[in-house]
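# Residue-level structure breakdown
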Amino acid sequence: MKKIKALGLLSGGLDSILAVKVIQQQSIEVTGISFETPFFGPERARMAADKIGIPLIVFDITEVHLQMLKNPRYGYGKNMNPCIDCHALMLNCAGERMQELGADFLFTGEVLGQRPMSQNRNSLHIVAKNSGFEQYILRPLSARLLPETLPEMEGKVDRDMLLDINGRGRKRQMEMAQNWGIDFYVNPAGGCLLTDPGFSHRLKDLFSKGPYDVRDIRLLKSGRHFRTDADKIIAGRNREDNAALKSLARQDDTLITACDFPGTLVLVPHGGSEEAVRLAASVCARYSDGPAGTEIKLKCISQGRETIVTARPCEQAELEKLLV
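We now turn to the structure provided with this report. (Residues numbered from 1 in each chain as written. Predicted model: local features only at pLDDT ≥ 70, side-chain atom pairs only at ≥ 80, totals over all residues. Heavy atoms only, no water.)

Bringing the sheet that holds strand β11 (residues 305-311) into the picture now. Taking strand neighbours across the sheet as the criterion, the 6 strands line up as β6-β7-β9-β8-β10-β11 in an open arrangement whose pairing is antiparallel. Whereas interior strands pair on both sides, the edge strands pair on one side only; in this sheet they are β6 (224-227) and β11. Across this sheet, the average inter-strand angle for adjacent strands is 25°, counted without regard to direction. Across 5 bridges, strand β8 (residues 254-258) lies against strand β10 (residues 296-302) in antiparallel orientation. Residue pairing in the sheet places Leu-255 in a bridge with Ile-301 of β10. (Pairing = 2+ DSSP bridges. Helix = DSSP H or I, 4+ residues; strand = E, 2+ residues; numbered from the N terminus. Axes fitted to C-alpha atoms, helices over the stretch in contact; angles between N-to-C directions.)

This is the structure:
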């Protein structure tokens, strides 16, 4: 007999892990799939896949995700999170991988009613329909409350062994985790930067100011961000920020650091105007450990050339007006 194969969307959260377990109970061969963009990554999924012993496909969907993000058909959530459109996109990409692998169906850890906007009955239907693989998408944790899918109709999955979990309570999931000895899952919240209000505000600003690329999006994760009319100035808040900004810097950027005192690294993406560079030097002086109000020497690297400039710390009130 042909081995039944399934491809499961794995986030690393408890529900996606339990969905794998429910499907494996039917002696179905499971492969996990996780997605990568500048806003979320596969790290949690990799940990979970390793713990439960399944192979994991990691698929970078940055290009198509950014196209969707600029104008999602079903809009955004509370912040810049287009959850319905994003889930449909993931299932579309997963469906294509399903066909390439010769798998029989897809499944997810979604629970009916767990999230009032993106996991109500209508939203689950919209996501499946817009994925292009509606009949192949199984939600094992709530399947008995949802319409029968093709793998169930074809006898590849026993519907009676699937579950009927509903709502935001997680008591049944916690009991299942205990019974299966699962204690390595991550919190279901916090995995996507698009749900973060501060990051969403910075992203809206970036979208509104003209050309950008993936590197510019990655810069949004680190430092304090200040916006002039045409330029962005980014100041690291700590060593971790400074290291992240330095690793993302390119030849056409401007980098500024204090010569004689510890302090921040300031980056002006794409070089910046003369006015922006002067302001960036003042920002660097502001966040250095030099004497308050005193002009200090700064090292400025731009277009591969290093110069020494001097600047006084700018006023905090001025910075607050420019803060993004």
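So, next bit.
The next point concerns the environment of Asp-213. Here Asp-213 is to be found in the loop between α8 (197-208) and α9 (214-219). For the pair Asp-213 and Leu-66, spaced 147 residues apart in sequence, the C-alpha separation works out to 9.9 Å. Reaching out from Asp-213, the side chain makes a polar contact with the side chain of Arg-250 at a distance of 3.0 Å. (Polar contact = N/O pair within 3.5 Å; in protein donor to acceptor, adjacent residues only side chain to side chain.)

Moving on: helix α7 (residues 171-180). Residues Gln-173, Met-176 and Ala-177 constitute the buried set of α7. The arc that holds every buried residue of α7, seen down its axis, measures 100°, which confines them to one face. Along α7, the residues that are exposed and aim more than 90 degrees away from the buried face are Lys-171, Gln-178 and Asn-179. Contact partners of the buried residues in α7: α1 (14-24). Gly-181, located one to two residues past α7, shows a positive phi value of around 70°. (Buried < 20%, exposed > 50% of the residue type's maximum accessible area, 1.4 Å probe, protein only. Arc of directions from axis to C-beta. Contact = heavy atoms within 4.5 Å.)

Turning our eyes to something else, we now look at the nonpolar core. By size, the foremost hydrophobic cluster in this structure holds 33 residues, and its most contacted members are Phe-35, Phe-39, Leu-106 and Leu-203. Looking at this core element by element, the count peaks at 9 residues for helix α4 (residues 83-101). Apart from residues no more than four positions distant in its own chain, Phe-35 is found in contact with Leu-9, Phe-40, Gly-41, Pro-42, Phe-59, Ile-61, Met-90, Cys-93 and Ala-94. Counting 30 residues, the second-largest nonpolar core is a separate cluster that includes Leu-10, Val-22, Ala-49 and Phe-105. (Core = buried A, V, L, I, M, F, W, Y, C linked by side-chain atoms within 4.5 Å.)

Relative to β11, β10 is paired through 7 bridges, and the arrangement is antiparallel. Following the sheet pairing, Leu-298 is matched in β11 by Val-309.

Once that is clear, we can look at the packing of aromatic side chains. According to the stated counting rule, one finds 4 aromatic pairs in the structure shown. Judged by centre distance (5.9 Å) and plane angle (75°), the rings of Phe-39 and Phe-199 are edge-to-face. Of this pair, Phe-39 sits in the loop between β2 (29-36) and α2 (43-52) while Phe-199 is found in helix α8, placing the two residues 160 residues apart along the sequence. Over the ring of Phe-59 we find Arg-97; its NZ or CZ atom is 4.4 Å from the centre of that ring. Between the NZ or CZ atom of Arg-224 and the centre of the ring of Tyr-287, over which it lies, the distance is 4.1 Å. (Phe/Tyr/Trp six-rings, centres within 6.5 Å; stacked < 30°, edge-to-face > 60°. Lys NZ or Arg CZ within 6 Å of the ring centre and 35° of its normal.)

This brings us to the packing of α4 against helix α5 (residues 121-131). With their axes 8 Å apart at the nearest point, α4 and α5 run at an angle of 40° to one another. Classified by the angle between their axes, α4 and α5 sit oblique to one another. Considering the relative orientation of α4 and α5, their crossing is right-handed. The segment α4 lies against α5, with Ile-84, His-87, Ala-88, Leu-91 and Asn-92 engaging Ser-123, Ile-126, Val-127, Asn-130 and Ser-131. Residues that form the contact of α4 with α5 fall into these classes: 5 nonpolar, 5 polar and no charged. (Parallel < 35°, antiparallel > 145°, perpendicular 65-115°, else oblique. Left-handed = near helix turned anticlockwise from the far one by under 90°. Nonpolar A, V, L, I, M, F, W, Y, C, P; charged D, E, K, R; others polar.)

Next up on the list: unusual backbone geometry. The backbone of Ser-27 sits at a positive phi, close to 60°, despite the residue not being glycine. Mapped onto the elements, Ser-27 comes out in the loop between α1 and β2. Even without being glycine, His-270 reaches a positive phi, approximately 65°. What makes His-270 partly exposed here is its relative accessible area of 41%.

Attention shifts here to the state of the cysteines. Two cysteines joined by a covalent bond between their sulfur atoms form a disulfide. As enumerated under the stated definition, the model contains 0 disulfides in all. Its sulfur unpaired, Cys-192 is 6.5 Å from the next cysteine sulfur, which belongs to Cys-86. (Disulfide = S-S within 2.5 Å.)

With respect to the helices and strands, the residue Ile-33 is situated in strand β2. Residue Ile-33 is classed as buried on the basis of its relative accessible area of 1%. Considered as a pair, Ile-33 and Leu-106 are 73 residues apart in the sequence and their alpha carbons are 9.9 Å apart. With near-sequence residues (within four places) excluded, Ile-33 lies in contact with Leu-7, Gly-8, Leu-9, Leu-10, Leu-56, Ile-57, Ala-94 and Arg-97.

It is worth spelling out the sheet that holds strand β3 (residues 56-60) at this point. Adjacent strands of a sheet form backbone hydrogen bonds with each other and so pair up, either parallel or antiparallel. Read across the open sheet, the 5 strands follow the order β3-β2-β1-β4-β5; overall the sheet is parallel. The outermost strands of the open sheet, each flanked by one partner alone, are β3 and β5 (137-138). As paired elements, strand β1 (residues 5-9) and strand β4 (residues 105-107) share 3 bridges and run parallel to each other. In the strand pairing of β4, Ala-6 is matched with Phe-105. Across the sheet, α4 touches β1, β2, β3, β4 and β5, and the angle it forms with β1 is around 155°.

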